[in-house]
Amino acid sequence: MKRCEVCNKPIRGSYKKALGNYYHLEHFKCSICGKKIEGSFYKYQGEPAHADCYERKAVPKCDICGEPLTGKRYITDRWHNKICAKHRNEYEKCPYCESFMAHELQTKKHEYPDGRAICSKCKEKAVDDKDLASLIFRELSTILSKYDIEVDPEPLNLRLVSKDTLEAQVGKGSRGSTEFNEVIRESLIGGRDVRRNFTVSLFYGLPDFEFKTVGAHELMHVWIYENTPYKDPSRKERFIEGSCDYASYLVLKYIGNEFTELKLRKIKEKPDEVYGEGFRLIKKYVDEKGIKSWLDRLKNGIKIKEE
Ligand SMILES: [Zn+2]
Ligand SMILES: [Zn+2]
Ligand SMILES: [Zn+2]
Ligand SMILES: [Zn+2]
Ligand SMILES: [Zn+2]
């Protein structure tokens, strides 16, 4: 004898079988609005529901246009915005966290006076004063020292600069918007403490995870200058730039959060011939031979080349 899941009375005649239970037709009701369900239904928290009710109640809405995101592909970003896939090409993406910069979102677009775009959430994490920058460089130095890459950040002259200033110093880069950052080394005026003569210029207003990525790269340039025969910062070589990106990789892996994950992926997948290929070259080498061997090759001026 079949019994109705709702009233527990025996069922005679027509019935509805759903979700592993039997129901009197008049007792097969929507768990959201309480009205009878005829035809198709959705499962909502284990109970039946009208398709419309389900959509209203349970389906997430697009944070830009408000449409329910049922059954269609949608995008979730690192700030947990949920967005219809159709908006993919409608909005500019934040160059740092890759979120869409729509004004409906908390990741709305902000423009720095030098024209660089950043989303509002990344801007909250922006490194905008020298004290914070110095603090972060000390943190980077501590992390790198765990891998026997010792660089004292104290004597470095840290500068937070605009796009125009940096471009005037190192020229326009054809790479990503966060890649214009390079160590600017002023000429050496004798003495042994070459570190005092380093000026590290980075864009102002980078979100901390980006600042750390670039900062670790630049610290590695300083280490290379101080510990190896490679002194010419203007020569962009695979072995050198790849090693500097590998330092960023070590730091990002050490920190390990969803933003550093994104940066790690970008470093690994960089199509660039010098940086991207260089990084993959060093990574392959270190995976096989270890960090010490890589650093020894640098110190002894023995380049790592593709085999
Ligand atoms: Zn019943
Ligand atoms: Zn309903
Ligand atoms: Zn939408
Ligand atoms: Zn962002
Ligand atoms: Zn570099």
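Residues numbered from 1 in each chain as written. Chains lettered and ligands numbered in written order. Predicted model: local features only at pLDDT ≥ 70, side-chain atom pairs only at ≥ 80, totals over all residues.

**Let's talk about the overall build of the chain**
To be explicit about the condition: Per the convention used, a helix needs a DSSP run of H or I reaching at least four residues, while a strand needs a run of E reaching at least two, with both numbered from the N terminus. Residues with at least 20 neighbouring C-beta atoms inside 10 Å of their own are called buried, those with 12 or fewer are called exposed, and the rest are partly exposed, where every C-beta is derived from the backbone. Two residues qualify as being in contact provided that their C-beta atoms, derived from the backbone, are within 7 Å of each other.
From N to C terminus, the chain includes nine helices and 13 strands. Counting all 307 residues of the chain, 35% fall into the buried class. Pairs at least 24 residues apart make up 46% of the contacts formed inside the chain by residues separated by at least 6 positions.

**Quick look at the confidence of the model for the chain**
Defined as follows: A score between 0 and 100, pLDDT records how confident the predictor is in each residue.
Confidence in the prediction for the chain averages 86 pLDDT; 90% of positions are at 70 or higher. At the level of individual helices and strands, the chain shows its lowest average pLDDT in strand β11 (residues 183–185), which scores 51, and its highest in helix α9 (residues 291–299), which scores 97. Taken together, the stretch residues 191–196 has pLDDT below 50 and engages in 10 contacts with residues farther than four places along the chain or on a different chain.

**Quick look at helix α3 (residues 130–145)**
Threshold: In a helix, the anticipated span is given by 1.5 Å times the number of residues less one. In this description, one arc is meant: the one made by directions from the helix axis to the C-beta atoms.
Between its first and last C-alpha atoms α3 spans 22 Å; for 16 residues at 1.5 Å apiece the expected length is 22 Å, and the two agree. For α3, the full list of buried residues reads Ala133, Phe137, Leu140, Ser141, Ile143 and Leu144. Angular distribution of buried residues about the axis of α3 spans 160°; they occupy a single face of the element. Exposed and facing more than 90 degrees away from the buried side of α3 are Asp131, Thr142 and Ser145. Of the surrounding secondary structure, the elements contacted by the buried residues of α3 are β9 (126–127), β10 (157–161), α5 (208–227) and α6 (238–255).

**Here's the deal with the nonpolar core**
Stated formally: Nonpolar core, as used here: buried Ala, Val, Leu, Ile, Met, Phe, Trp, Tyr and Cys residues forming one set through C-beta atoms within 7 Å. An automatic or database domain assignment supplies the residue ranges for each domain.
Among the nonpolar cores identified, the biggest contains 59 residues, and Leu144, Leu219, Met220, Ala247 and Val251 are the most heavily contacted of them. Counting the residues that make up this core, at least three belong to each of domain 2 (74–124) and domain 3 (126–299). With residues up to four places along the chain from it excluded, the contact list for alanine 247 reads Leu144, Ile149, Ala216, His217, Leu219 and Met220. By size, the runner-up hydrophobic cluster in this structure holds nine residues, among which are Phe28, Cys30, Cys53 and Tyr54.

**Points about the environment of leucine 19**
With respect to the element layout, leucine 19 can be found in the loop between β1 (15–18) and β2 (21–24). Accessibility expressed as a C-beta count within 10 Å gives 12 for leucine 19, which makes it exposed. Those residues within four positions of leucine 19 in sequence are excluded, and the remaining contacts are Lys43 and Pro48.

**With respect to the packing of α3 against α5**
This is how it is decided: For helices, the fitted line uses only the C-alpha atoms of the stretch in contact; every axis is such a line through C-alpha atoms, and the angle between N-to-C directions lies from 0 to 180 degrees. By the definition adopted for this analysis, an angle is roughly parallel if under 35 degrees, roughly antiparallel if over 145, roughly perpendicular if from 65 to 115, and oblique otherwise. Less than a right angle of anticlockwise turn of the near helix away from the far helix marks a crossing as left-handed, whereas a clockwise turn marks it as right-handed. Note that Gly is not counted as nonpolar here; it falls among the polar residues with everything else outside the nonpolar set of Ala, Val, Leu, Ile, Met, Phe, Trp, Tyr, Cys and Pro and the charged set of Asp, Glu, Lys and Arg.
Closest axis-to-axis distance for the α3/α5 pair is 10 Å, and the angle between their directions is 60°. Regarding the angle of α3 to α5, the classification is oblique. Between α3 and α5 lies a crossing of right-handed hand. Of the residues in α5, those touching α3 at Ile136, Phe137, Leu140, Ser141 and Leu144 are Asp208, Phe211, Lys212, Gly215, Ala216 and Leu219. Classifying every residue of the contact of α3 with α5 by side-chain character gives seven nonpolar, two polar and two charged.

**Considering the packing of α6 against helix α7 (residues 258–269)**
Two numbers describe how α6 lies on α7: the axes approach to 9 Å, and their chain directions differ by 155°. What the angle tells us is that α6 and α7 run roughly antiparallel. Of the two possible hands of crossing, α6 and α7 adopt the one that is left-handed. Listed contacts from α7 to Asp245, Ser248, Tyr249, Leu252, Lys253 and Ile255 of α6 are Thr260, Lys263, Leu264 and Ile267.

**Observations concerning unusual backbone geometry**
Even without glycine at this site, leucine 19 takes up a positive phi of about 50°. Non-glycine residue glutamate 98 carries a positive phi angle of around 65°. You can see glutamate 98 is positioned in the loop between β6 (82–84) and β7 (109–111). Residue class for glutamate 98 comes out partly exposed when judged on the 15 C-beta atoms lying within 10 Å of it.

**Some thoughts on the pairing of β2**
Quick note on the threshold: Any two strands are treated as partners once DSSP identifies two or more bridges connecting them.
Alignment of β1 against β2, held across four bridges, turns out to be antiparallel. Note on β2: the bridge partner recorded for tyrosine 15 is histidine 24. Linking β1 back to β2 in an antiparallel pair, the connection comprises two residues, with leucine 19 at a positive phi of about 50°.

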